[in-house]
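Single-letter residue listing:
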Amino acid sequence: SANVFPADKRPSDEATCVFQVKVVDKKSYCKAFEGIVRSLDKMENASIPSVTLSKREFLFKDVKYLQLQVESFTISNGPVPCQFEFISKPNEDAYCKPWLIAKPSKGFLMPDSEVVIALELCVNKSTATALNSGEEKLEDILVLHLDRGKDYFLSVSGNYLPSCFGCPIQTLCYMKEPIREMLPEAIRELTLMPLLTDDAFWEEKPLDVPKELWMMVDLLCRSACHQEGLFQQPGLRPEFEQIRDWLDTGTLDVLGPVASNHSVAEALLLFLESLPEPVVCYKSYRSSLECANSYEMSSQVISMLPKCHQNVFHYLVAFLRELLKHTGKNHLDVNVLGKEIRMRDKATCFRTWSSPVLLGGRDRKNSVLYQYA
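Bear in mind that the values here come from a model prediction, so they are computed numbers and not experimental data.

(A) The overall build of the protein chain, seen in detail. Along the protein chain, the regular secondary structure elements total 13 helices and 9 strands. Relative to its 373 residues, the protein chain shows a buried fraction of 44%. When contacts within the protein chain are restricted to residue pairs at least 6 apart in sequence, long-range pairs at least 24 apart make up 72% of them. Counting every atom, the protein chain has about 21,400 Å² of accessible surface; 54% of that belongs to carbon and sulfur.

(B) View of the sheet that holds strand 1 (residues 51-53). Reading across the sheet, the 4 strands line up as 1-3-7-5 and stay open at both edges, with antiparallel pairing between neighbours. Strand pairing shows two members of the sheet lacking a second neighbour, strand 1 and strand 5 (100-103), which therefore form its edges. On average, each strand axis in the sheet is inclined to that of its neighbour by 25°, with strand direction left out of account. Relative to strand 7 (residues 114-121), strand 3 (residues 69-77) runs antiparallel, the two sharing 8 bridges. The residue bridging Gln69 from the neighbouring strand is Leu121, located in strand 7.

(C) Just the nonpolar core, in detail. The biggest cluster of nonpolar side chains holds 88 residues, and the ones touching the most others in it are Ile75 and Leu119. Excluding its chain neighbours within four sequence positions, the residues that come into contact with Ile75 are Val51, Thr52, Leu53, Phe84, Leu109, Ser113, Glu114, Val115, Ile117 and Leu144.

(D) Structural view of the pairing of strand 8 (residues 139-146). Sheet topology places strand 4 (residues 82-87) next to strand 8; 4 bridges connect them, and they run antiparallel. Counterpart to Ile87 in the pairing with strand 8 is Val143. Pairing of strand 8 with strand 9 (residues 151-160) involves 7 bridges; the strand directions are antiparallel. Bridge assignment links Asp140 to a residue of strand 9, and that residue is Val156. Counting the residues that bridge the hairpin from strand 8 to strand 9 gives 4 residues, and of these Arg148 lies at a positive phi of roughly 65°.

(E) Seen up close, the environment of Asn311. Residue position: Asn311 is located in helix 10 (residues 307-324). Sequence-wise, Asn311 and Val209 are 102 residues apart; in three dimensions their C-alpha atoms are separated by 6.2 Å. Ignoring any residue separated from it by four or fewer positions in sequence, one finds Asn311 in contact with Asp208 and Val209. Within the structure, the side chain of Asn311 is placed 3.2 Å from the backbone oxygen of Asp208, a separation counted as a polar contact.

(F) Summary view of the packing of helix 5 (residues 211-223) against helix 7 (residues 261-273). For the pair helix 5 and helix 7, the least separation of the axes is 10 Å and the interaxial angle reads 150°. In terms of orientation, helix 5 lies roughly antiparallel with respect to helix 7. Seen along the crossing, helix 5 lies across helix 7 with a hand that is left-handed. Seen from helix 5, the contacting residues are Glu212, Leu213, Met216, Val217, Leu219, Leu220 and Ser223; seen from helix 7, they are Asn261, Val264, Ala265, Ala267, Leu268 and Phe271. Across the contact of helix 5 with helix 7, the residue classes break down as 10 nonpolar, 2 polar and 1 charged.

(G) Spatial organisation of the side chain of Glu120. Among the secondary structure elements, Glu120 is positioned in strand 7. Residue classification places Glu120 among the buried residues on the basis of a relative accessible area of 19%. In terms of polar contacts, Glu120 uses its side chain to reach the side chain of Lys103, at 3.3 Å. Ignoring any residue separated from it by four or fewer positions in sequence, one finds Glu120 in contact with Leu68, Gln69, Val70, Trp99, Leu100, Ile101 and Lys103.

(H) Just a nonpolar patch on the surface, in detail. Judged by side-chain polarity, Val24, Tyr29, Phe33 and Val37 come together as a nonpolar surface patch covering roughly 410 Å² of accessible area. Following the sequence through the fold, Val37 ends up in helix 1 (residues 26-46). You can call Val37 partly exposed: its relative accessible area is 31%.

(I) Expanded view of the sheet that holds strand 2 (residues 57-63). With mixed pairing, the 5 strands of this open sheet are ordered in space as 2-9-8-4-6. Unpaired on one side and paired on the other, strand 2 and strand 6 (106-109) mark the two borders of the sheet. Pairs of neighbouring strands in the sheet enclose a mean axial angle of 20°, with direction left out of account.

(J) Highlighting the environment of Glu177. As for its placement among the helices and strands, Glu177 is situated in the loop between helix 3 (169-173) and helix 4 (184-191). What makes Glu177 partly exposed here is its relative accessible area of 41%. Separated by 71 residues in sequence, Glu177 and Asp248 place their C-alpha atoms 9.2 Å apart. Sequence-distant contacts of Glu177, defined by excluding residues within four places in its chain, comprise Met182 and Lys211.

(K) Structural view of the pattern of salt bridges. Summed over all chains, the structure comprises 13 salt bridges. Between Glu136 and Lys97 there is a salt bridge whose closest N-O contact spans 3.1 Å. Residue Glu136 is found in the loop between helix 2 (128-133) and strand 8, and its partner Lys97 is found in the loop between strand 4 and strand 5; the two are separated by 39 residues along the sequence. With a shortest N-O distance of 3.2 Å, Arg244 and Asp245 are connected by a salt bridge. In this structure, Arg244 and Asp245 share a single accessibility class: buried.

(L) Structural detail: the packing of helix 5 against helix 10. Across the interface, helix 5 lies against helix 10 with an axial gap of 11 Å and an inter-helix angle of 10°. Between helix 5 and helix 10, the crossing angle belongs to the class labelled roughly parallel. Each of Leu213, Trp214, Val217, Asp218, Leu220 and Cys221 in helix 5 lies in contact with helix 10, whose residues at this interface are Val312, Tyr315, Leu316 and Phe319. Of the residues contributing to the contact of helix 5 with helix 10, the split by class is 9 nonpolar, no polar and 1 charged.

About the cut-offs
- Residues numbered from 1 in each chain as written.
- Predicted model: local features only at pLDDT ≥ 70, side-chain atom pairs only at ≥ 80, totals over all residues.
- Heavy atoms only, no water.
- Helix = DSSP H or I, 4+ residues; strand = E, 2+ residues; numbered from the N terminus.
- Buried < 20%, exposed > 50% of the residue type's maximum accessible area, 1.4 Å probe, protein only.
- Contact = heavy atoms within 4.5 Å.
- Areas by Shrake-Rupley, 256 points an atom, 1.4 Å probe, with all protein chains shown as cover.
- Pairing = 2+ DSSP bridges.
- Axes fitted to C-alpha atoms, helices over the stretch in contact; angles between N-to-C directions.
- Core = buried A, V, L, I, M, F, W, Y, C linked by side-chain atoms within 4.5 Å.
- Polar contact = N/O pair within 3.5 Å; in protein donor to acceptor, adjacent residues only side chain to side chain.
- Parallel < 35°, antiparallel > 145°, perpendicular 65-115°, else oblique.
- Left-handed = near helix turned anticlockwise from the far one by under 90°.
- Nonpolar A, V, L, I, M, F, W, Y, C, P; charged D, E, K, R; others polar.
- Patch = residues over 30% accessible without salt bridge, like charges linked within 9 Å, V, L, I, M, F, W, Y side chains within 5 Å.
- Salt bridge = Lys/Arg side-chain N within 4 Å of Asp/Glu carboxyl O.

This is the structure we're talking about:
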């Protein structure tokens, strides 16, 4: 045990103690904190994907119906792997307008790699009418999104050359000049004009049938009545483009040897397929099928069509009858002309399968057209 001795002096009223206390140096603390934050930010930024685009603005000049135009750009990736995708804008279902497509529209990039993106623009039957009338423009903004990264915006613009393909029958009947020679305001007015049942409501008398339809049918009547495989063999793309320009500009008085009979027949089918309102109007489609077995009832359905549609129907039937007069040489029959006028696969031509061009839908063997054949 410890020995305790009484103090030999009285306790002092004062005592001195020495303590060691840690004190924060605010200046040093702030400097160290800022250094840590900068280091973390640097690490975070280094993990964020970042790419470089070779081009952000794209201009498509003088776009024509069914003529593909392509513009390309390169996405070059940085040191971080990234996943990219074109995303839709707010309140829109698709990432681009229906006349445009990006290939590929999404993908994955390894560090320091790159990919070429092709922007393909093609105006077809579903988009031509609005572009002809001016309701739609070749303008769009694409949003390229990087997963865990930022968005990049690409501007797409161009000008569309109006075409008879995609124009309503009534509009074409009131066009006395080639469509390329008409003012945009006049095309818009005629395209948006409501479908008339009587020509008396319009000041100017229209053509009985569109001049473009007459030009193709007249050419086929003069040179293709004896042609085997008509409407069965595909045409050629370059020849179709020449025929389209011939119809839209009227620059050639006679197409002559520029295009084969098969290409003209192809153009005729594409023309009828591109009509926003088929020859037998949509509202008459069901009744036309129900009356298919009766000539009298079929005639009644046709008589209820707008005048311009009636004229086109009878004009086409007269043309098909003329072809059938030469069946011994062209080997055509009513089944081919009335039922199987369909588009071929892209593998053999530049067309896709579609429905019969007169009714605008899948037809029966016994159709209104059969009653007139």
